[in-house]
Amino acid sequence: MTEHSDELTGPDLTQGLEISSIRPGQLIAGHAFGEPVLLVHVEPNWFAVGSKCTHYGGPLAEGVLVSETIRCPWHHACFNLHNGAAARAPALNDLPTYDVAIESNIVRVTRKRDHGQVKGEGHRALASCSPERVLFEEKPTFGPESVVIIGGGAAGNACAEMLRREAYRGPVTIIDPDPDAPYDRPNLSKDYLAGNAPEEWLPLHPREFYAAQHIEILAGVEVTQIDIASNTVRLSDGTSRKYGCLLIATGATPIHLDVPGGDQISYLRSLRDCRAIIGKLGAAKTAVVIGASFIGLEVAASLVTRGLKVSVVGLETLPLARVLGPELSSLVKNVHEQQGVTFFLGRKVASIEDKSVILDDGTRIDADMVVAGVGVQPNLKLAESAGLTLDNGLAVNEFLETSASGVFGAGDVARWPDAYSDLRLRIEHWVVAERQGQVVARNMLGARDRFDDIPFFWSAHYDKLSIQYIGHVERWDTIRIEGDVMKMDCAVSYMVGAKRRAMATINRDPENLKTEVELETELLLKPPPPVTLEAMEA
């Protein structure tokens with residue numbers, strides 16, 4: 001992923017282009033009225049939308065056209081070309097749209113549309129634009145009497161937003177003990193920790209957005225009990241809330257290491273955690289990162305960017321080999337070593353002393369600060385005490401509904417039946433959590449949408465290496481490599497039998513997107529399985 005200039009490029013689309021020079025499905029990046037615009041011809045229609053993804057500004061002209069939607073090459077956000085609506089996460093904001101006129105053999109952009117709207121209608125079609133403000137109904141005429149969302153992370157925030165896109169006007173409340181929620185958690189270990197992104201970039205929306213959407217946020221407040229029988233949640237401030245539908249999106253907590261001196265270890269999950277780590281940087285010259293996971297290596301890269309000498313300790317002999325295989329994991333290790341990182345692999349921490357980490361073989365590593373990223377465990381206490389079915393996570397069915405009717409689960413806490421792999425999965429991916437929250441919102445309003453999105457995540461290391469991963473496979477038979485891994489131009493396919501089950505790419509964004517579409521198409525040919533967990537009335 002690279003930065004793109006704000007300088008306008010390509011043709012001035014207000015001046016028009018010859019239709020005969022444009023083939024169907026062609027993506028034309030130009031500009032109109034001083035703004036970057038993408039012109040698209042999907043027979044028989046012409047569309048003009050903003051050409052930069054509203055997530056991180058990815059170039060949509062390098063994306064993939066799927067029917068009358070455009071997908072971003074960077075993180076696979078999807079937009080509706082008719083109205084610019086952010087149809088699928090991680091993008092949450094809509095694209096600007098423009099009118100297009102046809103005159104003889106000339107197509108031109110004539111006007112920027114006004115997206116402002118007030119929802120005055122009933123149920124809206126999938127991929128509706130976000131309203132500028134909501135006509136709130138204390139007692140809604142459509143949908144549940146109220147929605148309570150436990151957790152203001154990716155899933156919880158996406159659910160609340162999609163409820164408003166789908167014209168639900170009733171009470172929506174997000175409750176999260178994190179006083180800063182909701183914010184862009186993936187950025188914590190990447191640009192924000194590295195010092196390349198200011199804190200004002202982290203909120204998913206300004207607070208004014210939630211006020212206009214009539215989404216109540218109770219941040220810094222904890223749900224202490226879920227009473228399924230009375231449809232009530234009880235809060236740490238002594239109050240309680242009734243719900244018509246409930247989403248449990250309580251996320252996960254970092255696993256803490258039980259070693260002598262372990263109280264000196266920092267963990268990164270929340271913005272508060274990240275601020276604490278940044279606060280220790282002033283007096284630090286050396287750091288040890290325990291765990292050669294994605295989060296651990298991203299933290300290592302950020303600390304190197306901050307000027308620290310970093311060592312990484314991990315149990316594996318190659319970092320990330322169980323996920324990426326030996327070729328890609330060797331590249332990841334090499335990139336970090338080129339930046340000065342020292343690896344201590346096949347080792348574990350025995351103890352932590354003042355300004356040093358002691359390994360199980362007696363090696364002593366200088367460490368002014370220690371950060372661990374050795375995995376997380378789902379926050380299941382509330383679900384368990386409520387009597388909901390657990391299965392290495394909160395068990396949900398294809399519609400992300402738990403064993404109690406009207407109670408849903410999504411994000412890091414939820415374990416669902418994956419339609420593509422035929423396995424029950426619990427995946428700790430930001431994009432997966434957001435898309436699950438969006439599906440939950442529609443199902444709260446009466447849809448029966450199966451969650452069947454293909455899992456996707458990305459990982460960034462310095463400005464040198466960005467890995468995109470589509471699909472999911474825990475074991476593979478063979479790895480098929482196209483391109484050159486060490487030159488960071490490759491597509492790595494993970495094969496089970498003769499079928500590609502997942503792909504990791506470097507600098508081949510469109511190929512990763514096309515693989516997503518191929519996997520989705522394969523899934524369409526499979527008959528839907530029976531519902532695996534029927535929700536019972538309380």
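Anything mentioned here points back to the structure above.
Residues numbered from 1 in each chain as written. Predicted model: local features only at pLDDT ≥ 70, side-chain atom pairs only at ≥ 80, totals over all residues. Heavy atoms only, no water.

J.: Tell me about helix α5 (residues 294–305), and please be specific about residues and values.
T.: With twelve residues, α5 should reach 16 Å at 1.5 Å per residue; the first-to-last C-alpha distance of 16 Å fits that figure. In terms of burial, α5 is a largely internal element, ten of the twelve residues being buried. All of the buried residues along α5 are Phe 294, Gly 296, Leu 297, Glu 298, Val 299, Ala 300, Ala 301, Ser 302, Leu 303 and Val 304. A positive backbone phi angle near 100 degrees is found at Gly 307, which sits one or two residues after α5. (Helix = DSSP H or I, 4+ residues; strand = E, 2+ residues; numbered from the N terminus. Expected span 1.5 Å × (residues − 1). Buried < 20%, exposed > 50% of the residue type's maximum accessible area, 1.4 Å probe, protein only.)

J.: I'd like a rundown of helix α8 (residues 430–444), residues and numbers included.
T.: Between its first and last C-alpha, α8 extends 21 Å over 15 residues, near the 21 Å set by a 1.5 Å rise per residue. Taken across its 15 residues, α8 has 15 buried, putting it largely inside the fold. Downstream of α8 by a residue or two, Gly 446 has a phi angle that is positive, lying close to 110 degrees.

J.: Residue-level account of the pairing of strand β23 (residues 349–353), with values.
T.: Of the strand pairs in this sheet, β23 and strand β24 (residues 356–359) are connected by four bridges, and their pairing is antiparallel. The partner of Glu 353 across the bridge, within β24, is Ser 356. With antiparallel pairing between neighbouring strands as the criterion, β23 and β24 make up a hairpin whose turn holds two residues, including Lys 355 at a positive phi of roughly 60 degrees. (Pairing = 2+ DSSP bridges.)

J.: Quick rundown of the packing of helix α1 (residues 154–165) against α8? Include the residues and the values.
T.: To describe two helices that pack against each other, one gives the angle between their axes and the distance between the axes. Two elements in contact, α1 and α8, have axes separated by 7 Å at closest approach and are oriented at 40 degrees. For α1 against α8, the interelement crossing comes out right-handed. Contact residues: α1 offers Ala 154, Ala 155, Ala 158, Cys 159, Met 162 and Leu 163, while α8 offers Trp 430, Ala 433, Glu 434, Gly 437, Gln 438, Val 440, Ala 441, Arg 442 and Met 444. Within the contact of α1 with α8, the residues separate by chemical class into eleven nonpolar, two polar and two charged. (Axes fitted to C-alpha atoms, helices over the stretch in contact; angles between N-to-C directions. Left-handed = near helix turned anticlockwise from the far one by under 90°. Contact = heavy atoms within 4.5 Å. Nonpolar A, V, L, I, M, F, W, Y, C, P; charged D, E, K, R; others polar.)

J.: Before we move on, can you summarise the sheet that holds strand β31 (residues 424–425) with the specific residues and values?
T.: Strand order across the open sheet formed by three strands is β28-β30-β31, with mixed pairing between neighbours. Looking at the sheet topology across the chains shown, the edges are occupied by β28 (394–395) and β31. As defined by bridge partners, strand β30 (residues 414–417) adjoins β31 across two bridges and the pair is classed as antiparallel. Residue pairing in the sheet places Trp 416 in a bridge with Leu 425 of β31.

J.: Kindly report on the pattern of salt bridges, identifying the contributing residues and their values.
T.: Enumeration according to the criterion identifies 33 salt bridges in this entry. Salt-bridge contacts for Arg 435 lead to Asp 453; the nearest nitrogen and oxygen are separated by 3.7 Å. Taken together, the positions of Arg 435 in helix α8 and Asp 453 in the loop between α8 and β32 (456–461) put the pair 18 residues apart, joining distant regions of the chain. By relative accessible area, Arg 435 is classed as buried at 3%. (Salt bridge = Lys/Arg side-chain N within 4 Å of Asp/Glu carboxyl O.)

J.: Summarise the sheet that holds β23; cite the residues concerned and give the values.
T.: In a beta sheet, neighbouring strands pair by backbone hydrogen bonds and run either parallel or antiparallel. With antiparallel pairing, the three strands of this open sheet are ordered in space as β23-β24-β25. Every other strand in the sheet has two partners, leaving β23 and β25 (364–366) as the edge strands with one partner each. Going across the sheet, the axis of each strand differs from the next one's by a mean of 25 degrees, ignoring polarity. Pairing of β24 with β25, which is carried by three bridges, proceeds in the antiparallel orientation. Of the residues in β25, the one forming a bridge with Ser 356 is Asp 366.

J.: Summarise the environment of Met 495; cite the residues concerned and give the values.
T.: Along the chain, Met 495 turns up in strand β35 (residues 489–496). A residue is classified by how much of its surface remains accessible, and Met 495, at 3% relative accessible area, is buried. Along the primary structure Met 495 and Asp 477 are separated by 18 residues, whereas in three dimensions their C-alpha atoms are 5.8 Å apart. With residues near it in sequence (within four places) discarded, Met 495 still touches Trp 476, Asp 477, Thr 478, Arg 480 and Arg 500.

J.: Which residues make up the packing of aromatic side chains, and what are the values?
T.: When we look at a pair of aromatic rings, we describe it by the centre distance and by the angle of the planes. Summed over all chains, the structure comprises eight aromatic pairs. Aromatic side chains Phe 209 and Tyr 210 sit 5.3 Å apart centroid to centroid with 85 degrees between the ring planes, which places their arrangement in the edge-to-face category. With 5.5 Å between their ring centres and 80 degrees between their planes, Trp 416 and Phe 451 make a pair best called edge-to-face. Taken together, the residues Trp 416 in strand β30 and Phe 451 in the loop between α8 and β32 connect sequence positions 35 residues apart. Side by side, Trp 416 and Phe 451 carry an identical accessibility label, which is buried. The cationic tip of Arg 501 hangs over the ring face of Tyr 420; the distance from NZ or CZ to the ring centre is 5.0 Å. (Phe/Tyr/Trp six-rings, centres within 6.5 Å; stacked < 30°, edge-to-face > 60°. Lys NZ or Arg CZ within 6 Å of the ring centre and 35° of its normal.)

J.: Give a description of the state of the cysteines that names residues and reports values.
T.: As used in these notes, a disulfide is a covalent bond between sulfur atoms, one from each of two cysteines. Evaluation of the coordinates by the stated rule reveals zero disulfides. Between Cys 78, a cysteine without a disulfide, and Cys 53, which holds the nearest cysteine sulfur, the sulfur-to-sulfur distance is 10 Å. Free cysteine Cys 490: the closest other cysteine sulfur is in Cys 72, separated by 19 Å. Assessed through its relative accessible area of 0%, Cys 490 is described here as buried. (Disulfide = S-S within 2.5 Å.)

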